[in-house]
Amino acid sequence: MTIDYKLLTPGPLTTTEAVKREMLVDHCTWDDDYKRITREIRAGLLDLAQVSSDGYTTVLMQGSGTFGVEALLTSVLSDDDRLLVCTNGAYGLRIVQIAQRHKLDVVTYDEDFANPLSPDVVDNMLAADPSITVLAVVHCETTTGLLNDIEALGAVAKKHGVRFIVDAMSSFGGIEIDMQACNIDYLVSSANKCIQGVPGFSFAIMRRELMEASKGLARTVSLDLYDQWQAMEADGKWRYTSPTHVVLAFAQAMRELVAEGGIAAREARYTNSQRLLVKRMKNMGFAPYIEEKLHSPIITTFLYPEIEGKAFDFQSMYDFLKAGGYVIYPGKLTEVDTFRVGNIGEVYQEDIEKLCDLFEEFLKGNS
Ligand SMILES: *Cc1c(COP(=O)(O)O)cnc(C)c1O
């Protein structure tokens, strides 16, 4: 089997051969070797969040990132909590959907998708409604590629004494996040984004005292973070069948992140790729959807180009790029036609150059 294209999508993404090779082993789950791998992963995640096991802890959960968000919301909020969810993209809206489905007490601050979340608006909302106890935001809104200012939002949460949840799904491991400095109480991410593993589990990192305080709050059995944490704290065991191949691949991906030079080095690689992408795309007439100063180094949304006398056809461009070795991502906006290009995973400057050469060729063929 040959893989003939790279994924320029924000997860699943293109992983290394070594990460894929780890999955050729059928590992048992009950022995000490496997439990040790889980323990090492958990310790490594705290290092990446720049926190220690004194004040913070982490728990892994089967399922994709959304399962992790749902596990968190249904495991740490009590009936006395009121949640403020800030949205400026599809992933913020998904947090609201989860909260509503579980009949949690939720209010929202809905920002335009092209704008960052405003710490001042949040400040005013928290001041106006002291019954709000928890604030939830998305760090990198993968819908647009916009990066929200979690440091400023965390400072507002702290000022009002509310707990702070961050969906850092598409940023953790690729952008430096100091959990303590950003005042983050709970952070959720998953295996198949910037740590560059394969899909199959998510994880939450949170303040240890809040994990302890969540005992008995869970609204489901399979997504009960506290129970899962208790099992993992005891000896590294997962409750229920764990995605063994994914876990082995993730352990390798974490070793590769360290070998690359840690998050700072990876962030620099991503940033260089993203800037090169925007520069070349703009030269060809593709306009980014959001202001450049709001861009994350993860994924970029572009408007459909104006091609004189012709309707732009995304599908034929997609097929052309795929035949040339790269798969891009359709847009996720309703009011404007866009497409997205991710640059996380095993993607380097030379890939961005090749991709842009292909875009150029495609445009030439269409003019
Ligand atoms: C990928 C992602 C998720 C989770 O999506 P899944 O498809 O369930 O993995 C949640 N939030 C953000 C910001 C994401 O990028």
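Now for a description of the structure that goes with this document.

Here is what the cut-offs are and how they apply
- One numbering rule holds for all chains: residues counted from 1, following each sequence as written.
- Note on the predicted model: pLDDT of at least 70 is required for a residue's local features to be given, and 80 or more for side-chain atom pairs to be given and counted; whole-chain, interface and lining totals, by contrast, use all residues.
- Where side-chain values are given, they derive from all heavy atoms of the structure, hydrogens and water being excluded.
- Numbering of helices and strands starts at the N terminus; helices are DSSP runs of H or I of at least 4 residues and strands are runs of E of at least 2.
- Throughout, radius of gyration means the C-alpha value; the globule benchmark is 2.2 Å times the number of residues raised to the power 0.38.
- For each residue, the accessible area found with a 1.4 Å probe, counting protein chains only, is set against the maximum for its type, and the residue is called buried under 20%, exposed over 50%, and partly exposed in between.
- Contact criterion: two residues are considered in contact whenever any of their non-hydrogen atoms come within 4.5 Å of each other.
- In these tables, accessible area is a Shrake-Rupley quantity obtained with a 1.4 Å probe, and a residue counts as shielded only by the protein chains included in the view.
- Any residue with at least one heavy atom within 4 Å of a molecule or strand is counted as near it.
- We call two N or O atoms a polar contact when they sit within 3.5 Å, provided that within protein one can donate a hydrogen and the other can accept it, with sequence-adjacent residues counted only if both atoms are side-chain atoms.
- Here a cavity is any set of points on a 1 Å grid over the protein atoms alone where a 1.4 Å probe fits but cannot get out, and a pocket is any open set with protein on both sides within 12 Å along at least 5 of 7 lines; a residue lines the site when it has an atom within 4 Å of a point.
- Should more than half of a molecule's atoms lie within 2 Å of a pocket's or cavity's grid points, that molecule is taken to sit in it.
- Here an axis means a line fitted to C-alpha atoms, over the contact stretch when the element is a helix, while the angle between two N-to-C directions is reported on a 0 to 180 degree scale.
- When describing relative orientation, an angle under 35 degrees is termed roughly parallel and one over 145 degrees roughly antiparallel, while 65 to 115 degrees is termed roughly perpendicular and anything else oblique.
- Helix crossings fall into two classes, left-handed where the near helix is turned counterclockwise from the far one by less than a right angle and right-handed where it is turned clockwise.
- For this classification, the nonpolar set comprises Ala, Val, Leu, Ile, Met, Phe, Trp, Tyr, Cys and Pro, the charged set comprises Asp, Glu, Lys and Arg, and every other residue, Gly included, is treated as polar.
- Two strands pair if DSSP finds at least two bridges between them.

**Some remarks on the overall build of the protein chain**
Scanning the protein chain from N- to C-terminus turns up 12 helices and 14 strands. For the protein chain, whose C-alpha radius of gyration is 21 Å, the value lies close to the compact-globule estimate of 21 Å for 367 residues. With respect to the three principal axes, the spread of C-alpha positions in the protein chain is 65 × 55 × 35 Å. The proportion of buried residues among the 367 residues of the protein chain is 57%. Taking as baseline every contact in the protein chain between residues at least 6 positions apart, the subset at least 24 positions apart corresponds to 71%. For the protein chain, the accessible surface area stands at approximately 15,400 Å², while carbon and sulfur atoms represent 50% of it.

**Quick notes on the site of the ligand**
In the vicinity of the ligand, the contacting residues are Ser-64, Gly-65, Thr-66, Tyr-91, Arg-94, Val-138, Cys-140, Thr-142, Asp-167, Met-169, Ser-170 and Lys-193. Backbone polar atom of Gly-65 to an oxygen atom of the ligand: 3.1 Å apart, as the coordinates give it. A distance of 2.5 Å separates an oxygen atom of the ligand from a polar atom in the side chain of Thr-66. Taken by itself the ligand offers 380 Å² of open surface, and the protein chains cover 86% of this. Here the ligand is seated within the largest pocket. At the level of secondary structure, the elements contributing two or more residues to the shell around the ligand comprise helix 3 (65-76) and helix 4 (90-101).

**Comments concerning the packing of helix 3 against helix 4**
Helix 4 packs onto helix 3 with a crossing angle of 45 degrees between their chain directions and a minimal axis gap of 10 Å. The angle between the axes of helix 3 and helix 4 places the two elements in the oblique class. Two packed elements cross with a definite hand, and for helix 3 against helix 4 that hand is right-handed. Taking contact as the criterion, the partners of Thr-66, Val-69, Glu-70 and Leu-73 in helix 3 are, on helix 4, Arg-94, Ile-95, Ile-98 and Ala-99. Of the residues belonging to the contact of helix 3 with helix 4, the class tally is five nonpolar, one polar and two charged.

**Quick word on the sheet that holds strand 14 (residues 338-342)**
Read across the sheet, three strands follow the order 11-14-13 without closing on themselves; strand pairing throughout is antiparallel. The sheet terminates laterally at strand 11 (299-303) and strand 13 (329-330), the two strands that pair on one side only. As judged from the five bridges shared by strand 11 and strand 14, these two strands associate in the antiparallel manner. The partner of Leu-303 across the bridge, within strand 14, is Thr-338.

In short, geometric facts, not functional conclusions.
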